[in-house]
Amino acid sequence: MKMPSRGRQWDDVKADLLGRGSDDVNWREGKTAVYVFNAGEEIAKIQKEAYTAYMSENGLGPVAFPSLAKMESDVISMALELLHGPEGSTGAMTSGGTDSITMAMKTARDYARANGHAIDSANIVLPQSAHLAFDKAGQLMDIEVRRIALKTDGSYEADVDAMEAACDPNTIMMVGSAPNFPHGIIDPIEDLALASERKNIWLHVDACVGGYFAPFARMNGVPVPPFDFEVPAVRSMSADLHKYGYAAKGASTILFRSQELYDHMPFDFACWSGAPMKTPTLAGTRPGGAISAAWAIMNYLGVDGYCRLQGEVCATRERVEQGVKALGFEILGNPVLGLIAFRHPEHNAFAIYGEMYRKGWITSATKEPPSLHLMLSPQHSKFIDAYLEDLAESVQSIAEGETEKAAPKVDVRYS
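Each residue is numbered by its place in its chain's sequence as written, counting from 1. pLDDT decides what is reported in this predicted model: residues at 70 or higher carry local features, side-chain atom pairs at 80 or more are listed and counted, and totals for whole chains, interfaces and linings draw on all residues regardless. To get the side-chain values, all heavy atoms of the structure are used, and hydrogens and water are removed first.

Some points on the environment of Tyr353
Its location among the elements puts Tyr353 in helix H11 (residues 349–358). When a residue's accessible area, from a 1.4 Å probe over protein chains only, is under 20% of the maximum for its type it is buried; when over 50% it is exposed; and in between it is partly exposed. A relative accessible area of 4% means that Tyr353 is categorised as buried. Separated by 41 residues in sequence, Tyr353 and Ser394 have C-alpha atoms that sit 8.4 Å apart. Under the scheme used here, helices are H or I runs from DSSP no shorter than 4 residues and strands are E runs no shorter than 2 residues, and both carry numbers assigned from the N terminus.

This is the structure in structure tokens:
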């Protein structure tokens, strides 16, 4: 496409713009269980209004835009209260989970350096189910990532003993997930905490998925184990607002137990011809709309609103469990939040995925073991019966040998 020599009328451009989405997944009707967190039109309207209200403002300039600085401070304060942050705990907003995880690793590395740890070749130790964002950050900073096989007891939890054994004097961080993305399982954070204390190693909890879900699920009576700053050895946490916080995309949080730890995160440079620049994260320009929308949604929903929405998600997950078990599937581990993975003992998971893809469903899948995967949103309560009906047809089709060709090569990667 070349830039038009003369500008087009907005009505024409808008029609073209919206038309570009005609082949996108129909997520508003529940056809995807990944990428989008659909809490309904009311929440979407607030996201858009709050985002556009500050879309031109820049979080890079807190002096110019004290409104954004105060809203970010409010968001962090609400997050820390929710996640048992002790007095003196702090944090910052980032653009997403990868950004939060990267900054946690950078902070742990610089903290180790500042405290006299002679690190020849830094490494982190994490379970096989931990997010690939850790590998991206490791590649950026030349930090070795040691992935350790999960327990073999069918729990799909981190193997704490094996992780502890994999640590050495160059290990700067241990990681647990709450929950992990592939299986929706919360790692044994308390056991990891004991191991990290024995080794005197930084413990990070990746709660990008569960940080703004698990506390409300617990309030609803779900038996969520300790996973946050309630566990004294946890030094940092990543938690995404644009997932189950239902904020507009581009909003996550990185949280630290103390200011002393946080102080190793920001970048502070004055080695050029311009004015000195200090930024809390990798980003320079920080979209004001991502901050204002997160602040607005958290205030609009409040504790009661989040409890209601997360209750709907948990109830939908339970319906999925019942439905897929009736079709002969096995649930991986014991998921208690909004993610669930399940496999069929007789039929190829990717063949079933291909059938569902042909029916218009864009979900995810896991390869260890091969299974189907759903990340559920509140609006899925309206459409999950249709999913289960199509799943039953897909299993029957595979069982009857009606689809002998291999499943299509569709991209099931996730972010």
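Regarding the side chain of Ser292
Within the fold, Ser292 resides in helix H10 (residues 288–326). The class for Ser292 is buried, based on a relative accessible area of 2%. A contact between two residues is defined here by any heavy atoms of the two lying within 4.5 Å. Not counting residues up to four positions away in its chain, the partners in contact with Ser292 are Ala50, Tyr51, Tyr54 and Met71.

Description of the pairing of strand E13 (residues 370–375)
The element E13 is largely enclosed, with a buried count of five among its six residues. In this description, strands pair whenever DSSP reports at least two bridges between them. As judged from the four bridges shared by strand E11 (residues 339–343) and E13, these two strands associate in the antiparallel manner. Across the sheet, residue Ile340 finds its bridge partner in E13, namely Leu374. Alignment of strand E12 (residues 364–367) against E13, held across four bridges, turns out to be antiparallel. Bridge pairing in E13 places Thr366 opposite Ser371. A loop of two residues connects E12 with E13, the two strands running antiparallel in sequence.

Here's the deal with the pattern of salt bridges
Definition used for salt bridges: Asp or Glu carboxyl oxygen within 4 Å of a side-chain nitrogen of Lys or Arg. The tally for this structure, following the rule as stated, stands at 24 salt bridges. Residues Asp385 and Arg319 are paired through a salt bridge, measuring 3.0 Å at the closest nitrogen-oxygen approach. Of this pair, Asp385 sits in helix H12 (residues 384–399) while Arg319 sits in helix H10; the two residues are 66 residues apart in sequence, bridging distant segments of the chain. Among the salt bridges present, the one from Glu368 reaches Lys367, with a minimum N-O distance of 3.2 Å. Glu368 sits in the partly exposed class, given a relative accessible area of 42%. Among the ionic contacts, a cluster of salt bridges with common partners joins Arg8, Asp12, Asp16 and Arg20.

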